[in-house]
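# Overview (structure and organization)
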Amino acid sequence: MTAEPIPPDTKDWTWVLRRPCPECGFEPTAVHHTDVAAHIRADAEDWRRRLAGPEAGIRPRPTMWSPLEYGCHVRDVHRNFNHRARLMLAEHEPSFDNWDQDATAQTEGYASQDPAVVADELFDAASTVAQTYDSVPADAWFRRGLRGNGSEFTIATLAIYHLHEIVHHRWDVTRRRS
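Heads up: these notes are all about the structure in this document. All figures in this text were calculated on a predicted structure; none of them were measured in a lab.

So, on to the overall build of the protein chain. Check the secondary structure of the protein chain and you find 5 helices and 3 strands. Reading the secondary structure of the protein chain in the N-to-C direction produces α-α-β-α-α-β-β-α. The C-alpha atoms of the protein chain give 16 Å as radius of gyration, which agrees with the globular expectation for 178 residues (16 Å, within 12%). The dimensions of the protein chain, computed from C-alpha atoms along their principal axes, are 45 × 30 × 30 Å.

The final tally for this structure, using the stated rule, is 5 aromatic pairs. With 5.9 Å between their ring centres and 65° between their planes, Trp65 and Tyr110 make a pair best called edge-to-face. Within this pair, whereas Trp65 is found in the loop between α1 (36–52) and α2 (67–90), its partner Tyr110 is found in the loop between α3 (101–107) and α4 (115–134), the two being separated by 45 residues in sequence. As far as burial versus exposure is concerned, Trp65 and Tyr110 are alike and both buried. Residues Tyr133 and Trp141 carry aromatic rings whose centres are separated by 6.4 Å and whose planes lie at 20° to one another, so their mutual orientation is stacked. Neither Tyr133 nor Trp141 differs from the other in exposure class; each is buried. Counting every residue linked through ring pairs, the aromatic cluster contains Trp65, Tyr70 and Tyr110. For the cation-ring pair, Arg84 lies above Phe81, with the distance from its terminal atom to the ring centre recorded as 5.9 Å.

By size, the foremost hydrophobic cluster in this structure holds 49 residues, and its most contacted members are Phe26, Ile40 and Tyr133. Secondary structure elements with two or more residues in this core: α1, α2, α4 and α5 (155–175). Top element by residues in this core is α5. It accounts for 11 residues. Ignoring any residue separated from it by four or fewer positions in sequence, one finds Tyr133 in contact with Val36, Ala37, Ile40, Phe81, Ala85, Trp141, Leu158, Ala159 and His162.

On to unusual backbone geometry. Peptide bonds are trans in most cases, and residues, glycine excluded, mostly fall at negative phi. Unusually for a residue other than glycine, Glu93 sits at a positive phi of about 45°. Relative to the helices and strands, Glu93 is located in the loop between α2 and β1 (95–96). Note on Glu93: relative accessible area 33%, which makes it partly exposed.

Moving on, we come to the pairing of strand β2 (residues 144–147). Of the two faces of β2, the one lined by Gly145 and Arg147 is fully buried and the one lined by Arg144 and Leu146 carries no buried residue. The sheet contact formed by β1 and β2 spans 2 bridges and is parallel. Counted as the bridge partner of Ser95 is Leu146 from β2. As defined by bridge partners, β2 adjoins strand β3 (residues 152–154) across 3 bridges and the pair is classed as antiparallel. Along β3, the bridge assignment pairs Gly145 with Phe153. Counting the residues between successive antiparallel strands, the hairpin from β2 to β3 contains 4 residues, one of them, Gly150, with a positive phi of roughly 95°.

Here the focus is the sheet that holds β2. If you walk across this open sheet you meet the 3 strands as β1-β2-β3, and the pairing is mixed. Across the chains shown, the open sheet's two edge strands, defined by having one partner strand only, are β1 and β3.

Each value, and the rule that gives it
- Residues numbered from 1 in each chain as written.
- Predicted model: local features only at pLDDT ≥ 70, side-chain atom pairs only at ≥ 80, totals over all residues.
- Heavy atoms only, no water.
- Helix = DSSP H or I, 4+ residues; strand = E, 2+ residues; numbered from the N terminus.
- Rg over C-alpha atoms; globule rule 2.2 N^0.38 Å.
- Phe/Tyr/Trp six-rings, centres within 6.5 Å; stacked < 30°, edge-to-face > 60°.
- Buried < 20%, exposed > 50% of the residue type's maximum accessible area, 1.4 Å probe, protein only.
- Lys NZ or Arg CZ within 6 Å of the ring centre and 35° of its normal.
- Core = buried A, V, L, I, M, F, W, Y, C linked by side-chain atoms within 4.5 Å.
- Contact = heavy atoms within 4.5 Å.
- Pairing = 2+ DSSP bridges.

Treat this as a map of the structure, not an account of what it does.
Okay, structure coming up:
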């Protein structure tokens, strides 16, 4: 099954590092960057339940991803952020490309993937990136990296930005279904 493309989200979400998200309620100052790994692991457990339901592949409306599509996206978010964090640990001020999540959803066929497989892959990707964050030496959290659009991150701010991404998508799936 090929799903219709969702209108692309072109916002620069880096502002969530400075103030609460008015949609999902994420408060960037409420969590310490060294606690992000634990939050990621807990969220991955919840995705197993979200993707096990019979309606996992059903969009609540044509312009909103299904839980399956969000699960694929969250899996890929974990993979992407793991790559970026590891790059920042290995290189001095690396640059990383912007990621076109909407193009990825289409080319990877998010809507037609197997929810059980996605649940396992998401859990594995979350475990991997959580381990990466757990292994960051205390003196490396403020190593810098630059996204292709010029946004500057440290490993600490990357972790917080990452956490907002998964919190926001949990909100997307659980609260915006009406």
